[in-house]
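Structural overview
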Amino acid sequence: MATSAPNPYANIGFEDFRRLAQQPGLSKYERIGFPDSYREGFEAEIFRDILGKLPRLNEDRQVILDVGPGCSDLPVMLIEHCAARGHELHLVDSAEMLGHLPDRAGTHKHAGLFPNCPDLVAAQQGRVNVLLCYSVLHYVLVDAAFFRFLDTALSLLAPGGEFLIGDIPNISKRKRFFASETGVRFHQEFMKTAERPEVRFNQIEPDQIDDAVVMALLQRARAQGFDAYVVPQSRALPMANRREDILIVRP
Ligand SMILES: C[S@@+](CC[C@H](N)C(=O)[O-])C[C@H]1O[C@@H](n2cnc3c(N)ncnc32)[C@H](O)[C@@H]1O
């Protein structure tokens, strides 16, 4: 289980990831902005959680888009899974990040920052059966036009299409947890301290996702004709106590 200590890779953006992708000596987890302890040994469980939330991934010959696949084992699992089912898989990330991923028949790499990739967006309007955006939303909030990101993603979904915005670090959820007795005990045991974790309310939280952002995404998607839900992560995942997912489905 991950600690309550801050992630040293927090507050980075798309261009920083491009640099991390090329920096010598980093692990595959550090390249995508995670200390090894946050991801090593957990990615098979993360993939299982994703598969459970996106049933169309288990069908055959679907169109799949992964926004921000990074370069650890998670996208490799997705690439293999899609190849085995005859899916058409599209990956969009920096060329430097995509360069670490294997080339497979049926896998198409698009170098760029979503939604600023007009060719991909035009070609995939209403075609995508599964859109995955895992552990990326907090960077989109800072780097891209946030609601354009949502609106563009929604425009790609085919009828019945599923869109998982996964692994959202919701600072409101984090505060709820660390203000609770369970969160205090978790912090004390993990940090081997008698001190309580510091939780501050009523302050400005620059560039952070909170409940207001999560609810705004839900409301906007629903107002545009999509079903949208907040869904919890499997408790086996390393940051389930402070992160959650949004599932959007085109009826
Ligand atoms: C924290 S990593 C997550 C990687 C992968 N989804 C995972 O969970 O293992 C974030 C990735 O998203 C990419 N990224 C960030 N913003 C993006 C955007 N607007 N469009 C495409 N990729 C983006 C970064 O380059 C990086 O590879």
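Preceding block: the structure.
Residues numbered from 1 in each chain as written. Predicted model: local features only at pLDDT ≥ 70, side-chain atom pairs only at ≥ 80, totals over all residues. Heavy atoms only, no water.

In this section: the overall build of the protein. Secondary structure summary: the protein contains 12 helices and 7 strands in total. Relative to the compact-globule value of 18 Å for 251 residues, the protein shows a C-alpha radius of gyration of 18 Å, a close match. Split into buried and exposed, the 251 residues of the protein put 53% on the buried side. Restricting the contact set of the protein to residue pairs at least 6 apart, pairs at least 24 apart contribute 72%. In the structure as shown, the protein presents an accessible area of about 11,600 Å², 51% of it carried by carbon and sulfur atoms. Of the charged side chains in the protein, 28 are positive and 33 negative, and the gap between their average positions amounts to 3 Å. (Helix = DSSP H or I, 4+ residues; strand = E, 2+ residues; numbered from the N terminus. Rg over C-alpha atoms; globule rule 2.2 N^0.38 Å. Buried < 20%, exposed > 50% of the residue type's maximum accessible area, 1.4 Å probe, protein only. Contact = heavy atoms within 4.5 Å. Areas by Shrake-Rupley, 256 points an atom, 1.4 Å probe, with all protein chains shown as cover. Lys, Arg positive; Asp, Glu negative; His and termini not counted. Charge placed at Lys NZ, Arg CZ, Asp CG, Glu CD.)

On to the pattern of salt bridges. Counting across every chain of the model gives 18 salt bridges. A salt bridge links Lys28 to Asp73; its shortest N-O distance comes to 3.2 Å. In this pair, Lys28 is assigned in helix 2 (residues 28–31) and Asp73 in helix 5 (residues 73–85), connecting sequence segments 45 residues apart. Its relative accessible area of 36% is what places Lys28 among the partly exposed residues. Of the residues examined, Asp73 reaches a relative accessible area of 27% and is grouped as partly exposed. Across the pair Glu198 and Arg200 runs a salt bridge whose closest N-O atoms are separated by 2.9 Å. One connected set of salt bridges, linked through shared partners, spans Glu15, Arg18 and Glu96. (Salt bridge = Lys/Arg side-chain N within 4 Å of Asp/Glu carboxyl O.)

The full set close to the ligand counts 21 residues, and Arg39, Gly68, Asp93, Phe114 and Tyr134 are the nearest of them. In this structure, Arg39 approaches the ligand through a side-chain N or O atom, which is 2.8 Å from an oxygen atom. At 2.9 Å from a nitrogen atom of the ligand is found a main-chain nitrogen or oxygen belonging to Phe114. Going through the elements one at a time, helix 1 (14–22) and strand 2 (88–93) are the ones with two or more residues in the shell around the ligand. Along the lines of polarity and charge, the residues of the shell around the ligand split into 14 nonpolar, 5 polar and 2 charged. (Near = heavy atom within 4 Å. Polar contact = N/O pair within 3.5 Å; in protein donor to acceptor, adjacent residues only side chain to side chain. Nonpolar A, V, L, I, M, F, W, Y, C, P; charged D, E, K, R; others polar.)

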